[in-house]
Amino acid sequence: MIILAPMQGLTELLFRKAYESVFPGAIDLAVSPFLSLTHGNLKGALCKIEDVLPELNEGSIPVVPQILGKEPKEFVELANRLHEIGYSEVNWNIGCPVRRVAAKHRGSGILPYPDEVREVLDYVVPRMASRLSVKMRLGFYSEREIFDLVPILNDYPLKNVTIHPRTGKQQYGGVVDKDTFAEVLPLINHEVIYNGDICRVEDYREIQRRFPQIKSSMIGRGVLYNPLLPLQIKCVSCSDTKALEFVAVLVCSLLDAPLSEQAKIRKIKEYWCLQFKSLGITEQQRYEVLHAQSLYEVLEVLRKFEVEV
């Protein structure tokens, strides 16, 4: 199974619907960008729940909502609200490496504190109507922190555990620590999903060879860099022009979105910077889009590259 990783501001509903419309079935499941319980603010999380509303997600990649936060009462309230609208699984984000998040013991910032992890799980698991899954890193300061967390995770009936084999301090730099992942994998009593640096078919095959017990892999940046990657992994033939078609659908979706012109320009440029290599576009041609000032100019440059918008 190929799962789309949650990437804040990138793999939201608009992206998932556009992707599924061009590559139906290529990605089996997505985990949504997190709904944040910042300072225990359930109201703030509910303001962003549109991203996972079932009626808006029709025709999109099937999605599992993700929650970021460590406030047990608000977590349960939000999880049960999600269950009421049809979700049988909710994911807990204890992997986000953003410093301002981690500094408050949220995301990967909670990993050095096993007692806090247990406190949250003790409260939320028996009170949730849906199953809980976890997305995490090896630790925040050290890759060895996970070894204190595994016995705690094993005490609860989790749906699965997704591991990105980096520390929070690494952010997205350095290399993934597959050796520590290999060491911890047999200690976990739940299904484990691998996540991290699958950007080529060869990366995926390596994970399959080294960890044959891994049945599902989560891919984020690899899909953003190369939208054809899930099809290539599944050995499904696809014309290279499909990548251009996807960019066109994505841009058209952004044009129809209730965003300001500047927000649309910013989003188009962001996706373009991530995907230009898969389109056969040179660095110089990439800059032509980045230097465009108005939405009209951006679209004119895209049309020059045969992006039909």
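Below is a short write-up of the structure. (Residues numbered from 1 in each chain as written. Predicted model: local features only at pLDDT ≥ 70, side-chain atom pairs only at ≥ 80, totals over all residues. Heavy atoms only, no water.)

### Here we look at the pattern of salt bridges
So, point 1. In total, this model carries 17 salt bridges according to the counting rule given.
So, point 2. We note a salt bridge from K234 to D28, for which the minimum N-O separation is 3.1 Å. With a gap of 206 residues between them, K234 in the loop between helix 10 (229-233) and helix 11 (241-256) and D28 in the loop between helix 1 (13-22) and strand 2 (29-31) connect regions that are remote in the sequence.
So, point 3. With relative accessibility at 31%, the residue K234 sits in the partly exposed group.
So, point 4. The partner of R166 in a salt bridge is D197, with the nearest N and O atoms 2.8 Å apart. Residue R166 is found in strand 8 (residues 161-167), and its partner D197 is found in the loop between strand 9 (192-195) and helix 8 (201-210); the two are separated by 31 residues along the sequence. (Salt bridge = Lys/Arg side-chain N within 4 Å of Asp/Glu carboxyl O. Helix = DSSP H or I, 4+ residues; strand = E, 2+ residues; numbered from the N terminus. Buried < 20%, exposed > 50% of the residue type's maximum accessible area, 1.4 Å probe, protein only.)

### Quick word on the pairing of strand 6 (residues 89-94)
The side chains of a regular strand alternate, residue by residue, between the two faces of the sheet.
So, point 1. The element strand 6 is largely enclosed, with a buried count of 6 among its 6 residues.
So, point 2. Covered by surrounding structure in strand 6 are E89, N91 and N93 together with V90, W92 and I94, the residues of both alternating faces.
So, point 3. Following the chain from strand 5 (residues 66-68) across helix 3 (residues 72-84) to the adjacent parallel strand 6, one finds a crossover that is right-handed.
So, point 4. Of the pairings in the sheet, the one linking strand 6 to strand 7 (residues 131-139) comprises 6 bridges and is parallel in character. By the bridge assignment, N93 is partnered in strand 7 with K135. (Right-handed = clockwise from strand over helix to strand, strands pointing away. Pairing = 2+ DSSP bridges.)

### What to know about the side chain of S216
So, point 1. Mapped onto the elements, S216 comes out in the loop between helix 8 and strand 10 (217-219).
So, point 2. Once residues within four sequence positions are removed from consideration, S216 is found in contact with M1, I3, E191, V192, I193 and Y194. (Contact = heavy atoms within 4.5 Å.)

### A closer look at empty space enclosed by the protein
So, point 1. Within the structure shown, the criterion is met by 1 cavity of 30 Å³ or more.
So, point 2. Volume-wise, the largest cavity comes out at about 60 Å³.
So, point 3. Forming the boundary of the largest cavity are V247, L250, V251, L254, I268, Y271, W272 and Q275.
So, point 4. Its residues assigned to classes, the lining of the largest cavity shows 7 nonpolar, 1 polar and no charged. (1 Å grid on protein atoms, 1.4 Å probe; cavity = no way out; pocket = protein on both sides within 12 Å on 5 of 7 lines; lining within 4 Å. Points joined across faces, edges and corners; volume = space filled by probe spheres on them. Nonpolar A, V, L, I, M, F, W, Y, C, P; charged D, E, K, R; others polar.)

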